[in-house]
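# A closer look at the structure
Here is what each chain is made of, one letter per residue.
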Amino acid sequence: MASSILITGGAGYVGSHTVAALLEQSEPYEIVVVDNVSNAYMAEDQMKPEPIRIVEELTGKNVHFYNVDIRDAEKLSEVFNQHNIECVIHFAALKAVGESVAKPMEYYQVNISGTCTLFDIMRKHGVYKLVYSSSSTVYGEPQMLPINESHPTGLGMTSPYGKSKFFCEEIMKDICRSDTKWTVVSLRYFNPVGAHRSGRIGEHPSGIPNNLMPYISQVAVGRLPELLVFGADYETPDGTGVRDYIHVVDLAEGHVSAIRLLRLPSTAGFHAINLGTGVGYSVLQMIKAFEEASGRKIPYRIVGRRAGDIAANYADVSLSLKLLGWRTTRTLDDMCRDTWRWQSGNPHGFKKS
Ligand code: NAD
Ligand code: WQD
């Protein structure tokens with residue numbers, strides 16, 4: 001039986017782009033997706049979520065899909081029985097920072113307990129290689145910029161979401177220390193934005209978007225009236241928040257490189273690696289870039305700061321180049337144009353209306 005890559009949460013935004021990136025490689029990757037479609041659209045008359053169906057169309061390749069919750073040990077184990085799983089990319093999680101403050105138990109059950117269940121089933125099936133979706137949020141308030149992987153983690157984090165990412169990394173470090181068979185590559189994403197060049201898959205937040213780029217694109221397409229800029233009194237060049245936005249396809253390709261790293265015999269242990277561009281852009285710069293890419297005016301109003309926001313963060317990207325041989329190639333204009341192609345072609349996301 002050919003070896004497979006199990007992708008939890010593979011029907012989501014980053015996951016679906018990573019499935020596409022893997023299938024677009026020359027290596028014959030066999031992909032198995034596990035997703036409970038709690039944040040992925042699946043039409044009633046379909047057996048696979050829309051993003052997976054579209055990726056199959058785009059690549060002409062098949063994706064095995066299982067509608068399974070990572071907290072369901074029995075069903076998850078059955079997936080491992082059906083396939084020769086070589087390694088796992090673990091995207092499945094709840095990720096809305098604000099929601100996590102209101103629903104901490106749900107976030108800890110999925111993001112931590114679900115991850116522990118996954119590790120237990122992996123171990124039972126002799127699978128010891130994992131790529132984990134972490135977040136720059138584990139760094140809390142930056143003590144220096146750019147942020148490198150030696151920056152302290154777990155300090156000053158306010159949201160249960162951010163804490164869940166930090167706690168999962170600590171659990172993974174302990175597991176790797178307890179058994180040298182384990183290799184974990186924890187990818188700390190900065191701010192993923194953009195969409196596949198086809199415009200067929202992209203970010204599809206349910207309800208009002210929390211994040212800047214999907215909010216701007218929904219203003220541009222007329223679904224929202226104006227953007228509220230959360231604060232213009234930060235210690236940044238124009239006073240608005242600065243972030244390291246990374247094209248989701250660059251991010252996906254970073255996962256392809258991480259899979260190649262996992263396959264090297266010499267990489268046992270826990271490795272945290274930033275995935276960013278190393279460049280920060282302010283909110284006002286993002287607005288201007290999107291207006292230029294879309295040809296649409298983005299009305300905005302400056303209001304007070306959002307609770308929990310930091311002034312600026314952007315990545316030191318030297319380790320990702322050293323360990324993964326990977327760097328970003330797509331520009332801010334690419335991020336905005338690809339977002340606009342997706343949004344303008346799919347004003348209601350994957351749902352047809
Ligand atoms: P997403 O919500 O689009 O994808 C997550 C997927 O996981 C969804 O398809 C959802 O249905 C699935 N899922 C959720 N709970 C599940 C469960 N219990 N069992 C099985 N499947 C489940 O989110 P995304 O933006 O693609 O993020 C993917 C990962 O990257 C997450 O772990 C997130 O924390 C991390 N991350 C995202 C960002 C970002 O800004 N998008 C930044 C840093 C890290
Ligand atoms: C970016 C900038 C806002 C919306 C979050 C999570 C992080 C990760 C990525 C999962 C900030 C400003 C935003 C708006 C605005 N997610 N903004 N008006 O907060 O850097 O990171 O998403 O891991 O964990 O915290 O991203 O896109 O929400 O905000 O002015 O309507 O845009 O203040 O400066 P953030 P964001």
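Details of the structure are given in the entry above.
Summarised in this report is the structure supplied together with it. The structure presented is a predicted model; accordingly, all values stated were derived computationally and were not measured.

### A look at the overall build of the protein chain
- The helix and strand tally for the protein chain stands at 11 helices and 13 strands.
- Its C-alpha atoms put the protein chain at 55 × 45 × 40 Å along the principal axes.
- Scored against the burial criterion, the 353 residues of the protein chain give a buried share of 54%.
- Sequence-distant contacts in the protein chain: of pairs separated by 6 or more residues, those separated by 24 or more amount to 80%.

### Topic: the layout of surface pockets
- Roughly 310 Å³ of internal volume is contained in the second largest pocket.
- Along the wall of the second largest pocket there are 19 residues; nearest its centre are His204, Pro205, Ser206, His348 and Lys351.
- Split by residue class, the lining of the second largest pocket holds five nonpolar, 11 polar and three charged.

### So, the site of ligand 2
- With respect to spatial proximity, 18 residues lie near ligand 2, and among them Tyr161, Leu212, Leu228, Arg243 and Asp309 are the closest.
- One of the side-chain N or O atoms of serine 135 is found 3.2 Å from an oxygen atom in ligand 2.
- One of the backbone nitrogen or oxygen atoms of leucine 228 is found 2.8 Å away from a nitrogen atom of ligand 2.
- The protein chains hide 88% of the 680 Å² of surface that ligand 2 would expose on its own.
- Tallying contributions element by element places strand β8 (residues 227-230) first for the shell around ligand 2, with four residues.
- Here the residues of the shell around ligand 2 are counted per class, giving nine nonpolar, six polar and three charged.

Here is what the cut-offs are and how they apply
- Residues numbered from 1 in each chain as written.
- Chains lettered and ligands numbered in written order.
- Predicted model: local features only at pLDDT ≥ 70, side-chain atom pairs only at ≥ 80, totals over all residues.
- Heavy atoms only, no water.
- Helix = DSSP H or I, 4+ residues; strand = E, 2+ residues; numbered from the N terminus.
- Buried < 20%, exposed > 50% of the residue type's maximum accessible area, 1.4 Å probe, protein only.
- Contact = heavy atoms within 4.5 Å.
- 1 Å grid on protein atoms, 1.4 Å probe; cavity = no way out; pocket = protein on both sides within 12 Å on 5 of 7 lines; lining within 4 Å.
- Points joined across faces, edges and corners; volume = space filled by probe spheres on them.
- Nonpolar A, V, L, I, M, F, W, Y, C, P; charged D, E, K, R; others polar.
- Near = heavy atom within 4 Å.
- Polar contact = N/O pair within 3.5 Å; in protein donor to acceptor, adjacent residues only side chain to side chain.
- Areas by Shrake-Rupley, 256 points an atom, 1.4 Å probe, with all protein chains shown as cover.

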